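Working through the structure, step by step
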Amino acid sequence: MPIIGVRKAVLDKKLEKVYTEKEFDSLCFDYGLELDEVTSEKATIQKEQGKTVVNASDEEVYKIELPANRYDLLSVEGLAKALLVFQKKHSIPQYQIVRPSVLQRLVVKPETAQIRPFVVSAILRDVTFDADSYASFIDLQDKLHQNICRKRTLVAIGTHDLDTIQGPFEYRAEPPTKIKFKPLNQTKEYTAVELMELYQTEAHLKPYLPIIQDSPVYPVIYDKNGVVLSMPPIINGEHSKITLKTKNVFIEATATDLTKAKVVLDTIVALFSQYCAKPFTVEPVAVENADGSVVEYPMLKYRTESVEVEMINRKIGINLKAEEMADLLTRMCLQSTVANDGRSLQVTIPPTRHDVIHACDIAEDVAVAYGFNKIVNQLPEGHTVGKAFPINKLSDLLRVDIAAAGWTESLNFALCSRDDISTKLRQEDGLKSAVLISNPKTAEFQVARTTLLAGLLKTLACNRDMPVPLRLFELQDVVLKDEKSDVGARNERRLAAVYSNKSAGFEIIHGFLDRIMQLVDVKCKRDGTGYYIRACEDPTYFPGRCAEVVGPKDVPIGKLGIIHPDVLTAFGLTLPVSAVEINIEPFL
Amino acid sequence: MLNGWIELDKKAEGGPRVLRKVESIDDAVKEQLLSIRNGQSDALTDAQKADFKKRKLLVEVTVKSFVLKKGAAFTTSLTKPETDLTMDMLTNGSWREKQFKAYNFEALGVPPASGHLHPLMKVRSEFRQIFFEMGFTEMPTNRYVESSFWNFDTLFQPQQHPARDAHDTFFVSDPAESHEFPMDYLERVRKVHAEGGYGSQGYLYDWKLAEAKKNVMRTHTTAVSARQLYKLAQEGFKTSKLFSIDRVFRNETLDATHLAEFHQVEGVVAERGLSLAHVMGLFTEFFKKCGIEKLRFKPTYNPYTEPSMEVFAYHDGLGKWVEIGNSGMFRPEMLLPMGLPEDVNVAGFGLSLERPTMIRYGIENIRDLFGAKVNLKMVYDNPICRLDKQ
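Remember, it's a predicted structure, so these values are computed and weren't measured experimentally.

**A closer look at the packing of helix α9 (residues 322-331) of chain A against helix α10 (residues 359-370) of chain A**
All names here are of chain A. α10 packs onto α9 with a crossing angle of 90 degrees between their chain directions and a minimal axis gap of 8 Å. When the axes of α9 and α10 are compared, the pair comes out roughly perpendicular. Only Ile362, Asp365, Val366, Ala369 and Tyr370 of α10 make contact with α9, whose side of the interface consists of Met325, Leu328, Leu329 and Arg331. For the contact of α9 with α10, the per-class residue count stands at 7 nonpolar, no polar and 2 charged.

**A closer look at the side chain of Gln159 of chain B**
All names here are of chain B. Turning to its location among the elements, Gln159 is positioned in the loop between α5 (148-151) and β5 (172-174). Judged by relative accessible area, which is 11%, Gln159 ranks as buried. A polar contact is formed between the side chain of Gln159 and the side chain of Asp153, at a distance of 3.3 Å.

**Regarding α9 of chain A**
Residue and element names in this part refer to chain A. The buried count for α9 comes to 7 of 10 residues, which makes it a mostly enclosed element. When α9 is considered as a whole, its buried residues turn out to be Ala322, Met325, Ala326, Leu328, Leu329, Thr330 and Arg331. Packing partners of the buried residues in α9 comprise α4 (76-86), α8 (309-316), β18 (335-339), β19 (344-349) and α10. Remark: Cys333 follows α9 within two positions and exhibits a positive phi of approximately 70 degrees.

**Comments concerning the side chain of Glu333 of chain B**
Take Glu333 of chain B: it is sitting in helix α10 (residues 332-335). Side chain to side chain, Glu333 of chain B and Ser200 of chain B meet in a polar contact 2.7 Å long. Of the polar contacts made by the side chain of Glu333 of chain B, one reaches the side chain of Arg331 of chain B; its length is 3.0 Å. If near-sequence neighbours (up to four positions away) are discounted, Glu333 of chain B is found in contact with Ile357, His358 and Cys360 of chain A together with Phe156, Val192 and Ser200 of chain B.

**Some points on the nonpolar core**
Grouped together as the largest cluster of nonpolar side chains are 170 residues, with contacts concentrated most on Phe24, Ile64 and Leu144 of chain A together with Phe127 and Phe286 of chain B. In terms of residue count, helix α7 (residues 258-272) of chain A provides more of this core than any other element does, 9 residues in total. If near-sequence neighbours (up to four positions away) are discounted, Phe286 of chain B is found in contact with Phe127, Ile130, Phe131, Met134, Phe349 and Leu351 of chain B.

**Overview of the sheet that holds strand β3 (residues 60-65) of chain A**
Residues and elements named next belong to chain A. Judged by pairing direction, the sheet is antiparallel, and its 3 strands sit side by side in the order β1-β3-β2 without closing on themselves. Edge positions in the sheet fall to β1 (3-7) and β2 (34-40), since each has one partner strand and no second. The mean inter-strand angle of the sheet, taken between neighbouring strand axes irrespective of direction, is 25 degrees. Bridge count between β2 and β3: 6 bridges; the pairing is antiparallel. When the sheet's bridge partners are listed, Thr39 is paired in β3 with Val61. Contacting β1 and β3, helix α1 (residues 8-15) runs over the sheet at an angle of about 85 degrees to β1.

**Structural notes on a nonpolar patch on the surface**
Residue and element names in this part refer to chain B. Taken together, the side chains of Met1, Ile6, Leu8 and Val18 define a hydrophobic patch exposed on the protein surface, amounting to about 400 Å² of accessible area. As for its position among the elements, Val18 is in strand β2 (residues 17-20). Of the residues examined, Val18 reaches a relative accessible area of 57% and is grouped as exposed.

**Some points on the domain arrangement of chain A**
Residues and elements named next belong to chain A. Along its sequence, chain A is organised into domain 1 (3-86), domain 2 (96-297), domain 3 (303-372) and domain 4 (390-587). Here domain 1 and domain 3 have C-alpha centroids that lie 28 Å from each other. Contacts between the two partners involve 8 residues from domain 1, matched on the other side by 9 residues from domain 3. With both sides pooled, the region where domain 1 packs onto domain 3 buries about 770 Å², and carbon together with sulfur makes up 56% of that total.

**Notes on the sheet that holds strand β25 (residues 489-500) of chain A**
Residue and element names in this part refer to chain A. Pairing within the open sheet is mixed, and its 7 strands lie in the order β20-β24-β25-β29-β28-β27-β26. Of all strands in the sheet, those bounded by a partner on one side alone are β20 (408-409) and β26 (532-535). Relative to strand β24 (residues 470-481), β20 is paired through 2 bridges, and the arrangement is parallel. Looking at β24, one finds that Thr408 is bridged to Leu472. Across the sheet, helix α11 (residues 390-404) touches β20, β24 and β25, and the angle it forms with β24 is around 160 degrees.

**Focus: the interface of chain B and chain A**
In this assembly, 106 residues from chain B lie in contact with 91 residues from chain A. Carbon and sulfur atoms supply 56% of the area that chain B and chain A bury against each other, a total of about 8,200 Å² over both sides. Considering only the side of chain B, the residues that lose the most area to chain A are Asn142, Pro299 and Tyr301 of chain B, jointly responsible for 8% of the buried surface there. Taken together, the links from chain B to chain A amount to 7 salt bridges. With its nearest N and O atoms 2.6 Å apart, the salt bridge here joins Lys481 of chain A to Asp174 of chain B.

Rules used in this analysis
- Residues numbered from 1 in each chain as written.
- Chains lettered and ligands numbered in written order.
- Predicted model: local features only at pLDDT ≥ 70, side-chain atom pairs only at ≥ 80, totals over all residues.
- Heavy atoms only, no water.
- Axes fitted to C-alpha atoms, helices over the stretch in contact; angles between N-to-C directions.
- Helix = DSSP H or I, 4+ residues; strand = E, 2+ residues; numbered from the N terminus.
- Parallel < 35°, antiparallel > 145°, perpendicular 65-115°, else oblique.
- Contact = heavy atoms within 4.5 Å.
- Nonpolar A, V, L, I, M, F, W, Y, C, P; charged D, E, K, R; others polar.
- Buried < 20%, exposed > 50% of the residue type's maximum accessible area, 1.4 Å probe, protein only.
- Polar contact = N/O pair within 3.5 Å; in protein donor to acceptor, adjacent residues only side chain to side chain.
- Core = buried A, V, L, I, M, F, W, Y, C linked by side-chain atoms within 4.5 Å.
- Pairing = 2+ DSSP bridges.
- Patch = residues over 30% accessible without salt bridge, like charges linked within 9 Å, V, L, I, M, F, W, Y side chains within 5 Å.
- Areas by Shrake-Rupley, 256 points an atom, 1.4 Å probe, with all protein chains shown as cover.
- Salt bridge = Lys/Arg side-chain N within 4 Å of Asp/Glu carboxyl O.
- Domains from an automatic or database assignment.
- Buried area = accessible area lost by both parts, 1.4 Å probe.

Right, here's the structure in full:
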């Protein structure tokens, strides 16, 4: 969930009230936000970099956690506005597109389709920034980049001082050697090739280089005079950079996902148009696409949806009249009017609420505004009879009786290293039926276990100072590749046990097996109705001390024996161990 | 030489020579030792005694003496007090005459040779019991490998969602893809993501089958819930309450309270006309059985439920509200393509198994609880799990 940091002083100013921490925490809780932390610039640097910076501010900073789909709350401008409307202190802003007689144009060249096909654009006129709103403006772009833009891969935003550049603008894709400009915060010009190298050492730009690095052409936006506005998604030009004195802001957003670009543009202009001389007004830009179509942005669409009062009441479990519900929705920035004799509502969804895509989103907002904790609990009326999943029932019954026999339950990870189930167990093709993980962060998660033995042996190794004999068991699933399954793999419920003492004790583990068979009511018989063991050789076990367990209908269900000394060494064990592992699914 | 009785002339002719220096000597040491022999131990200071002992000229011998008298229980026959009542004593009646040693009631007894169940599994059994008492049926969750389709797409979680990132999810390289899907349902899922429908605007992006085919280690048991709900819709809807408690996998950064594998407790209720109020009611009943009465609900966001909420309980020990679970009503974009009737609402709720276990048993590091590095002594000494007893 995204977190924004807001200076308490700015928050108080925007919310038009000085809040105590408790009051603000309570307000957040009601709206569905969380006051995550109260810190300061100094404390944050201390925590992140481990050093104390003397001239960093001690001033209170509130870190607020937001729902991941509320892009409109990613800056204090949007957050405060939403909370003020929620408290009925402000009315819902009405965003307007103000078309001048001649629009600025942004022409898209066809080569851009190779690397970053889409671009949208808008202008904020007569803006007045101060230090706080300027910082907030930059920060919003950063937050959007991290969230909906998926680290600039889907959308990249560029904002420019319109008075330093001249339209019509061109969005092109050119070979990196041909692109040359003075990038933000630099004093000389660089080619795009040089910039790729320069930014290898810039921690906050390096992650974005791979997005375009290997492309034969890089995206770049020029003005009429060949001034580079930006080379998305990497960096803007120094020439057109925004300062505190900027009055007219030109916004462009290039993208690989047009829907998200439109949402991003709507969000920026909606939140920051409050600083325009005529608040909540935006000037459109005409984007001429490569196919000849001309689209004006931003969309800033208002959508109306009709919802049934009865449906929402039923969904939440309350009984509101249409007027009450309309009032609650308006508090959530969803302007609503009663229609159809009070049976339905006409809800207007503003461009700041792209998260509302279905009537259920509207229903939730009614519940939030009503207050979740005011809803009176009810119990479902339907009658159901509970039932256990058979293999789980069998497992739980067995586990209790195994513990009664004096064995201790172990619980190990299903993911392990390749060696754990192959070389360490002396099984050359141990990986044959194993499920492999493609992106393990460490060797511990390379494969899914095909046997429970590795986990048990590891547990023994980690508990060498416990008194012997140690008797451990585990009754859990292993994972095996299986073509017959729709996903290509299946789980198998296994029971495994290990006995560790100064002598290996084959007869002890054999006795354990006999007890298990007694519990599942299978007699020791060789006529196909019961179970028996027969000698076999298996690399994991000591020669001459290994047997196969054969179950009813002569189906082999597992093995038991004394663990081979080389296996003990591989797992770091010094005492002998005898073990058994069987598949218990046949006993269902 | 120290006393000046003799001297050594190293440079004399014919080699070093010892020469007498005085006519007669006054051997103080001899005098002192003689006085000791005569019984005058006070003639020497402690320092001198220590010195002579060091030079092995003097030995201090300690002589201890006792005065013995007959006590009340004096007897010339030897008897040892008994520690235990034996079968022989009963047979020959000798228990009447025997002396029995006083038992040490302060010490602990002999621990029985016991087996033990794992603490996490004990808490799991408790939760299973609670679900059965509320009429829930257990879901078949014995499948760790899942396709992205069931794990994400059917839940209306978009394909570009961060949770589907390689750094949050374990992707499977072998078997890399699933091959079998209910194709008509898959098409309905594709449509609602890419174009909308069922009253939704949709996500409006290019939905790819290749992405849905990718296999993962399931990130939540909700993938199984999706399968079960789809099955329910195919077989003909009836009111259902389902649950599962099983393992899930997340490719996250590990720390004292997070592992790559953990257990999710999940409940699903499907009923015609189910409301958020019913979900809260169920939750309240469920947690009452865990001994928790005071609950608070907070709106939150979840890609596949709307409304969604986090549930908080008041922890007396910590003195604050602590999050104990998550809940929500599944989105129509998830339910309607499955073929469930429009008036059916489905709620899901969940919590982790590890968290309440660690709180209940005071365990701070999750590795002490789960995995090979488990503290076996903790497993041995761990009490029974009664969630409703505080």
